[in-house]
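Below, each chain spelled out in residue letters.
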Amino acid sequence: MFDPRIRMRHLHCFLETARRGSLSAAAETLSVSQPAASKTIRELEEILEVALFDRSGRRLALTQAGKTFQRYVGAALVELGRAQDLVRERPVRRSRIAVGALPTAATVLLPEAALSLRKTAPECLLRVTTGPNWLLLSQLREGALDMVVGRMAAAQLMEGLSFRQLYSEPIAAIVRAGHPLAGAAADAATLGRYPLMLPPPGAVIAPQVQAYLHGIGLFDPQPAFENVGLAFGRKVVLSSDTIWFISAGVVHDELESGLLSGIRLNDDLLGGPVGVAMRNNAVMTDEQRHLLAALVEAAGHR
């Protein structure tokens, strides 16, 4: 039975503090003083008879009980808002999911999941943002994005974030159909005779590609292009003898159709996890759960 001592101010203050990891930041957002916000959280913990936050670090972190409370309270308030709109005969507020898409997920995985979400939650607006990994993760951490789909970033970029792996994907060396190296293996000397398109510094796959090239003896590659985007990369590769090192998922359809081909590489060396990154303290809505389930299903088709 719901405890009648719990008020909406307790719930709003708790959720904002959990989202921001700071009482002062939550107080500023809620337009109350920090002592008032601190008192509100203490009252809620006394009513529930459990600590919701771990106060030992610089930032307030949710305890296991806090994580459980956050998950259900956040969903309950969303449903309460919908119920309010319905009884007032107002149009139900359209839900929205903001997703950051890295190149490896933007061409096949996310579009397939998006179409599935459209069937299960047709009222939900899916807003997709593309960009470099560091920018999307920064926007995710700040709350501008709800999730980021793509390759897992380096550990130092994942602070405060969780990652759910969907599958492992290789990096491929891509050439046009009919290229002299299509389907063949190539050593450093052979690769050095053709223009290279490599991922730019800061791209998730850049260190792996550099490590691979070093491993086969190409210690100082001088790329003609740096790019991970499909539109530019496809046009250049189709129009020249350029060899493009890129996540296989980016060019999935082109490889399936035979428009592009690959050079034989050590896939185990260049493989990497693709999945979904979210904030540790995020409250998942029903629509976000539907999208995550759709991503898992789409990944199974891979």
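These numbers come from a predicted model, not from an experiment.

A. Molecular detail of the packing of helix H1 (residues 8–20) against helix H3 (residues 34–48). The contact between H1 and H3 brings their axes to 9 Å, and the two run at 110°. By the angle between their axes, H1 is roughly perpendicular relative to H3. On the side of H1, the interface is formed by Arg 9, His 10, Cys 13, Phe 14 and Thr 17, while H3 contributes Ala 37, Thr 40, Ile 41, Glu 43, Leu 44 and Ile 47. Partitioned by chemical class, the residues of the contact of H1 with H3 number 6 nonpolar, 3 polar and 2 charged.

B. Representation of the sheet that holds strand E6 (residues 161–169) within the structure. Ordered by their spatial adjacency, 5 strands build an open sheet running E4-E3-E5-E12-E6, and the pairing between neighbours is mixed. With one partner strand each, in any of the chains shown, strand E4 (125–130) and E6 form the two edges of the open sheet. Between one strand axis and the next, the sheet turns by 20° as a mean value, whatever way the strands run. As paired strands, strand E3 (residues 96–101) and E4 are joined by 6 bridges and run parallel to one another. Looking at the pairing, Val 99 lines up with Val 128 of E4. Packed onto the sheet, helix H13 (residues 286–300) meets E3, E4, strand E5 (147–151), E6 and strand E12 (272–279) and runs at close to 25° relative to E6.

C. Summary view of the environment of Leu 48. Its place among the elements puts Leu 48 in helix H3. Judged by relative accessible area, which is 28%, Leu 48 ranks as partly exposed. Spatially, the C-alpha atoms of Leu 48 and Leu 255 are 56 Å apart, while their sequence positions differ by 207 residues. With residues near it in sequence (within four places) discarded, Leu 48 still touches Ile 6 and Phe 69.

D. Up close: the sheet that holds strand E7 (residues 171–176). The 5 strands are arranged E9-E8-E10-E7-E11 in an open sheet whose pairing can be described as mixed. Bordering the open sheet on either side are strand E9 (225–226) and strand E11 (260–263), each of which pairs with just one other strand.

E. Highlighting the side chain of His 10. Its place among the elements puts His 10 in helix H1. Polar contacts involving the side chain of His 10 include one to the main-chain amide nitrogen of Arg 7, which spans 2.9 Å. Other than its neighbours up to four places away in sequence, His 10 contacts Arg 5, Thr 40, Glu 43, Leu 44 and Ile 47.

F. Fine view of the pattern of salt bridges. If you walk through the whole model with that rule in mind, you get 8 salt bridges. The salt bridge involving Arg 176 is made with Asp 241; its shortest N-O contact spans 2.6 Å. With a gap of 65 residues between them, Arg 176 in strand E7 and Asp 241 in the loop between helix H10 (230–238) and strand E10 (243–247) connect regions that are remote in the sequence. A relative accessible area of 21% places Arg 176 in the partly exposed class. Counted as one network, the salt bridges with shared partners bring together Glu 16, Arg 19 and Arg 20.

G. Quick look at H10. For H10, the full list of buried residues reads Gly 233, Val 236 and Val 237. For H10, the angular spread of the buried residues around the axis is 95°, confining them to a single face. Facing away from the buried side of H10, by more than 90 degrees, are the exposed residues Ala 231 and Lys 235. Of the surrounding secondary structure, the elements contacted by the buried residues of H10 are E7, strand E8 (196–198), E9, E10 and E11.

Calculation rules
- Numbers given to residues run from 1 along each chain, matching the order in which its sequence is written.
- Thresholds applied to this predicted model are a pLDDT of at least 70 for local features of residues and 80 or more for the giving and counting of side-chain atom pairs; totals over whole chains, interfaces and linings are not thresholded and use all residues.
- Only hydrogens and water are removed before side-chain values are computed, so all heavy atoms of the structure are retained for them.
- Fitting a line to C-alpha atoms yields each axis, with helices limited to the stretch in contact; the angle taken between N-to-C directions then spans 0 to 180 degrees.
- Counting from the N terminus, the helices are DSSP H or I runs at least four residues long and the strands are E runs at least two residues long.
- Orientation categories follow fixed angle ranges, with anything under 35 degrees roughly parallel, anything over 145 roughly antiparallel, 65 to 115 roughly perpendicular, and all other angles oblique.
- The contact criterion used is simple: two residues touch if any of their non-hydrogen atoms lie within 4.5 Å.
- When residue character is reported, Ala, Val, Leu, Ile, Met, Phe, Trp, Tyr, Cys and Pro are called nonpolar, Asp, Glu, Lys and Arg charged, and the others, Gly included, polar.
- Should DSSP find at least two bridges between two strands, the strands are taken to pair.
- Each residue's exposure class comes from its accessible area (1.4 Å probe, protein chains only) as a fraction of the maximum for that residue type: buried when under 20%, exposed when over 50%, partly exposed otherwise.
- Definition of a polar contact: a pair of N or O atoms within 3.5 Å, with one able to donate and the other able to accept a hydrogen when the atoms are protein atoms, and with sequence-neighbouring residues admitted only if both atoms are side-chain atoms.
- Any Lys or Arg side-chain nitrogen found within 4 Å of a carboxyl oxygen on Asp or Glu counts as a salt bridge.
- What the arc covers is the set of directions going from the helix axis to the C-beta atoms.

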